[in-house]
Every structure is written in C-alpha cells, then in structure tokens.
Amino acid sequence: MSAPLFLVESLPTGSTFTLDGPEGHHAATVQRLRAGEALILADGRGGIAHGEVVAVGKGSVDVAVGERIQEPAADPRLVVVQGIAKGDRGELAVQAMTETGVDEIVPWAASRSVAQWRGDRGFKARDKWAATAREAAKQARRSWLPRVAGDPDCSTKQVAARLAEASAAFVLHEEATERLTAVTLPGAGEIVLVVGPEGGISDAEVTAFRDAGAIPVRLGSAVLRTSTAGVAALSVLSARLHRW
C-alpha cells in the first residue's frame, strides 16, 4: 500500500517536521501511524515531501523529512461545470472527478437543477464540495488540490462566458452527434466540460453554450447519471491527453 498523504499549509524547509492539528490527529489517532512508517506531505500546489515517522505524540507525529519534489500544474487544465444535483449526487460526482484528475469544478445553477444554492446555504454547500474534493485528493495521493469555484452557483450567463474564454469547450448532451473520443483537443490552455443536472440541459442552455463556442458531445448510446457523466468524460480526456 502506498504511503498516506497529508496536507500542510507549506512544505517544511528543515530536516524534521511536526505534523499536528487535524492532519496530525488523523495520522496519529485515526490512521495510527507508527515510527518507521512512510508518509507524504503535500501543500496542494504541487509540492510534496516524502518523510518517515520518527515519533508519535497525542494528536501529532514527528517526521524526518526526505526528498522534496515540485510537480508542475497540468496543462491543459480540465475544468468541469457541474450542474447542481439533489441529495448526495453532487458530492459523489466531486469525489469521483477529483480521483480522476479534474483541476477545477464549477457549481452551475442550471434551469433544471432541483436543489437551489441560495444565500448561506449556497456557501455551505460549496464548502462541502470543497471538503469532499480535499479528502478525495488525499485518498488519490494528488499533489495538486482541485479548485472548487468561489461562486456557489454560477449562472448560465457566467458559464457561457467561461466557455468563450476556454481553449476548448464541450457540453455533454444525449442528442449530440459528435463523440468526445474524436473531437480535437488543444495542447495547452483550458478544456471546459459542462455536465447537466438530473433533468438534463435545456435547449436554451445548449444554444447559449453553443453560441459561446462550445461543442455538444456524447460518450456513447447510454445516458449517464449526473454523478457519473463527468468522471466518464474525464476518463476519456485523461487517456487522450496521456495523463493516464
């Protein structure tokens, strides 16, 4: 089993480091690491340091810091505009997409989104997506944390503006004729993919996104759930971009 990863504000500069706080508690109390076991420290911005536990305290572990590596940011970046879904489907999508390598997730208040993120509820829901992405990134041993967009419920107009600025933009749609496996992909910049909520994307939204330069695409003949469509599309893109 690979060494567990723990997130820190910044990588240690010295040869020793004490991991405390919530991450230290998780290492010492939940995972019950012991002296001699390996771990990874990551700052969520590409920096990682390999280490070995030398002592375990109450809610903390002392680490002998070894090799440090700075991994470059992915290029092109993979951004998914995820239609806000009801229940835990949105969180399931965030978790799976993070494990698959998404670089940014944009919550979208689609016209057919059943759940509404308004006021404080919206910020709490957005923060829950961010926490889900954080934990999934640790599980996947990712050195870069995916960003969850600051606006808790981007409008269709805001999404269209983002699509217009992208190097390539695609909308998953069951009636599309072009396949994601065959469309031309850029070598750099930002690839933005739109995933609709449970009820799908309306004709007006498809038109707005197409006018912004996005191409409607499909994966196959099956209609996927909102919680699985994004991860399936990211899998295709990751393979085509040789991330996998």
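Owing to the predicted nature of the structure, the values given are computational and were not obtained by experimental measurement. As a convention, each chain's residues are numbered from 1 in the sequence order in which they are written. Owing to the predicted nature of the model, reporting of local features is limited to residues with pLDDT of at least 70; listing and counting of side-chain atom pairs is limited to 80 or more, with chain, interface and lining totals taken over all residues. To obtain the side-chain values, all non-hydrogen atoms of the structure were used and water was disregarded.

### With respect to the sheet that holds strand β3 (residues 38-42)
Test applied: At least two DSSP bridges between two strands are required for those strands to pair. In DSSP terms, a helix is any run of H or I states spanning at least four residues, a strand is any run of E spanning at least two, and both are numbered starting from the N terminus. To define axes, lines are fitted to C-alpha atoms, for helices over the stretch in contact only, and angles between the resulting N-to-C directions are given on a 0 to 180 degree scale.
If you trace the 5 strands from one edge of the open sheet to the other, you get β1-β3-β4-β5-β2, paired in mixed fashion. Edge positions in the open sheet fall to β1 (5-7) and β2 (16-19), since each of these has one partner strand only. The average angle at which neighbouring strand axes cross in this sheet is 40°, direction not considered. Across 3 bridges, β1 lies against β3 in parallel orientation. Of the residues in β3, the one forming a bridge with L7 is A42.

### Here's the deal with the pattern of salt bridges
Put simply, the rule is: Salt bridge, as used here, is a side-chain nitrogen of Lys or Arg placed within 4 Å of a carboxyl oxygen of Asp or Glu. Accessibility here uses a 1.4 Å probe with only protein chains present; expressed as a share of the type maximum, an area under 20% marks a residue as buried, one over 50% as exposed, and anything in between as partly exposed.
Within this structure, the stated rule accounts for 12 salt bridges. For K128, the salt bridge goes to E91, with nearest N and O atoms at 3.7 Å. Residue K128 is located in helix α3 (residues 119-139), and its partner E91 is located in helix α2 (residues 89-100); the two are separated by 37 residues in the primary sequence. A residue is classified by how much of its surface remains accessible, and K128, at 47% relative accessible area, is partly exposed. On the basis of relative accessible area, E91 is assigned to the partly exposed category, the value being 23%. E104 is paired through a salt bridge with R162; the nearest N and O atoms lie 2.8 Å apart. Here E104 is found in strand β7 (residues 104-108), whereas its partner R162 is found in helix α4 (residues 156-165), with 58 residues between them in sequence.

Nothing here speaks to function; it is all geometry.
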